[in-house]
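Secondary and tertiary structure notes
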Amino acid sequence: MIDQLMRYAKGYMEISIRSASYERFLNLCAYHEIVIWDLNYQDSFYEGKIFVRDFRKIMEAARKSHTKIKILKKTGMPFWIKEHKKRTGFFLGTILCLAIIFTLSFFIWDIQIDGNMTQTDEVILDYLEEKEISFGSWKQKINCKELAAELRREFEQFIWVSVQMKGTLLKIQVQENTDEILNTEAVQEPSSLAAAKDGKIVKMITRSGKPLVSVGDTVKKGDVLVLGQLDIKNDAGEVISHQTCAADADILLETTDQYEAEFAMKYRQKVYTGNNKKKCYIQIGDHFFKTPWKGHSYQKYDVIDEKHQMKLWGSFYLPVFWGTYLVREYEIVEKRYTQEEAKERAKKEFMTFSEKIQQKGVQIFKNDVKIVADTSVCRASGTLILHEYAVNRVPLQETLDLEEGIQIE
């Protein structure tokens with residue numbers, strides 16, 4: 001690639017060579033240090049390429065060896081400049097354009113954020129703006145290592161942050177700690193675990209504390225399940241004192257809940273008419289240049305904005321955008337679900353509900369949800385039997401107020 005650019009900058013010619021003594025001609029070229037490349041034999045002559053500066057030398061060698069040289073093609077910057085030397089405005093415009101691009105390369109024209117889930121792009125961009133880092137910021141004032149450390153300090157969820165400068169792109173990659181553990185974040189204060197709902201215990205693993213219930217027991221909301229207190233016994237097995245702690249256990253409850261959902265059999269649907277209005281625009285910085293716009297008389301319509309940013313290569317973005325505004329007319333049409341369509345929608349809504357509660361760690365053990373659709377309403381209802389980790393952490397003193405006969409030393 002570099003060799004090709006150098007040859008283009010110097011300028012070269014493609015020539016044909018006809019000679020009675022090719023060997024003598026090539027020896028003369030070698031003696032005078034004339035470089036010929038891409039030399040290949042055709043039906044009755046050779047073709048090759050030489051630099052412009054060697055053309056006069058090769059003509060002297062051709063005269064001595066009775067060789068005929070014919071120029072087939074001229075390529076390179078010297079020939080291009082000679083052809084366009086009268087176009088002063090073109091050259092000045094090219095130089096000005098290159099100068100503008102060179103100047104723009106000192107600024108940030110795009111910011112990309114990857115890996116964030118709990119924090120939106122807008123929140124992170126607002127924080128960057130507080131640090132005076134935004135679209136159009138000077139690259140030299142941004143210290144990537146310091147910015148990564150500041151982001152980790154500002155957002156506790158970020159356990160890893162990488163900030164890179166690529167061309168005119170500022171790329172921020174983060175990794176968040178999304179592990180959700182029920183009340184296990186280094187609890188130091190003495191506390192107990194209580195039932196958050198009525199239910200039956202189907203699984204119980206105690207790591208610290210004194211269990212007051214066991215698998216198969218039925219409990220009510222607020223009942224203490226694991227006490228934040230351990231019995232200290234002597235060799236005879238007698239309790240001689242107590243030690244406080246932060247209760248820790250996995251307790252799975254079987255609970256009961258009701259599912260109710262309904263929707264009308266009649267509904268309104270958006271139907272596009274096919275009438276559209278389109279406007280193109282170019283944005284340079286904060287300035288817009290739009291095509292002529294006659295407006296529209298649509299009563300109901302959607303607007304779709306498609307916007308693209310210009311980049312020269314890789315990560316070299318420019319503050320130049322282009323796009324279109326598309327206005328689409330639509331009408332509202334009243335429709336009615338069939339029995340099958342209504343039941344299918346109700347099933348999908350129940351599946352969506354199931355997926356949402358499963359993401360929270362709740363499993364549907366059993367359900368008797370039934371779907372009934374009449375002329376006006378489709379209704380889904382029934383009882384759900386759930387398995388969930390439904391416990392709350394409560395201060396130990398509140399627990400002791402409910403438990404009689406327990407003393408702490």
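Scroll up to find the structure this text is about.
These lines cover the structure that appears in this document, whether it is placed above or below. Note that the structure is predicted; figures quoted are calculated from it, not measured.

**Examining the sheet that holds strand 5 (residues 110-114)**
- Taking strand neighbours across the sheet as the criterion, the three strands line up as 5-7-6 in an open arrangement whose pairing is mixed. Either end of the sheet is taken by a strand with one partner, and the two such strands are strand 5 and strand 6 (158-166). With direction set aside, neighbouring strand axes in the sheet form an average angle of 15°.
- Alignment of strand 5 against strand 7 (residues 169-176), held across five bridges, turns out to be parallel. Pairing of Asp110 across the sheet is with Leu169, part of strand 7.
- Against the sheet, helix 6 (residues 121-130) touches strand 5, strand 6 and strand 7, its axis set at about 130° to strand 5.
- Those strands touched by helix 7 (residues 144-154) are strand 6 and strand 7, and its axis lies near 150° from that of strand 6.

**Re the packing of helix 6 against helix 7**
- Here helix 6 crosses helix 7 at 120°, and the two axes come no closer than 12 Å. As summarised for this structure, helix 6 and helix 7 are arranged oblique, according to the angle between their axes. By crossing handedness, the relation of helix 6 to helix 7 is classed as right-handed. For the pair helix 6 and helix 7, the contacting residues are Ile124, Tyr127 and Leu128 in the first and Leu147, Glu150, Leu151 and Glu154 in the second.

**Here's the deal with the packing of aromatic side chains**
- The full count for this structure, using the stated rule, is 19 aromatic pairs.
- Plain terms: the ring middles of Phe263 and Tyr337 are 5.6 Å apart, the flat faces sit at 70° to each other, and that makes the pair edge-to-face. A residue pair is termed long-range when its members are at least 10 positions apart, and Phe263 in strand 15 (residues 248-264) and Tyr337 in the loop between strand 19 (317-336) and helix 8 (339-359) qualify at 74 residues. Tyr337 matches Phe263 in its accessibility class, with the two residues each being buried.
- Centroid distance Tyr281 to Phe288: 5.9 Å. Interplanar angle 50°. Geometry classified as tilted.
- The exposure class assigned to Tyr281 is buried, which follows from its relative accessible area of 3%.
- What links up through ring pairs into an aromatic cluster is the set Phe107, Trp109, Phe135 and Phe321.

**Focus: the packing of helix 2 (residues 22-31) against helix 3 (residues 55-64)**
- Relative to each other, helix 2 and helix 3 sit at 145°, their axes nearing to 9 Å. Considering only the axes of helix 2 and helix 3, their crossing is right-handed. Contacts between helix 2 and helix 3 involve Arg24, Phe25, Leu28 and Cys29 from the former and Ile58, Ala61, Ala62 and Lys64 from the latter.
- Taken together, the residues that form the contact of helix 2 with helix 3 break down as six nonpolar, no polar and two charged.

Rules used in this analysis
In this convention, every chain numbers its residues from 1, walking through the sequence in written order. Whole-chain, interface and lining totals are the exception, using all residues; otherwise, since this is a predicted model, local features are given only for residues with pLDDT of at least 70 and side-chain atom pairs are given and counted only at 80 or more. Remark: hydrogens and water are excluded; side-chain values derive from all non-hydrogen atoms of the structure. Note: two strands are recorded as paired if DSSP finds a minimum of 2 bridges between them. Each helix is a run of DSSP H or I of at least 4 residues and each strand a run of E of at least 2, with the numbering of both proceeding from the N terminus. Between N-to-C directions, angles cover 0 to 180 degrees, with each direction set by a line fitted to C-alpha atoms, over the stretch in contact for helices. Between two residues, a contact is recorded if the distance between any of their heavy atoms is within 4.5 Å. By definition in this entry, angles of less than 35 degrees are roughly parallel, angles greater than 145 are roughly antiparallel, angles of 65 to 115 are roughly perpendicular, and the rest are oblique. Crossing chirality is assigned from the near helix's rotation relative to the far helix, an anticlockwise turn below a right angle marking it left-handed and a clockwise turn marking it right-handed. Here a pair means two rings of Phe, Tyr or Trp (six-membered ring of Trp) with centres within 6.5 Å. Their orientation is stacked below 30 degrees between planes, edge-to-face above 60, and tilted elsewhere. When accessible area is computed with a 1.4 Å probe and restricted to protein chains, residues below 20% of their type maximum are described as buried, those above 50% as exposed, and intermediate ones as partly exposed. Asp, Glu, Lys and Arg are counted as charged, while Ala, Val, Leu, Ile, Met, Phe, Trp, Tyr, Cys and Pro are counted as nonpolar; the rest, among them Gly, fall into the polar class.

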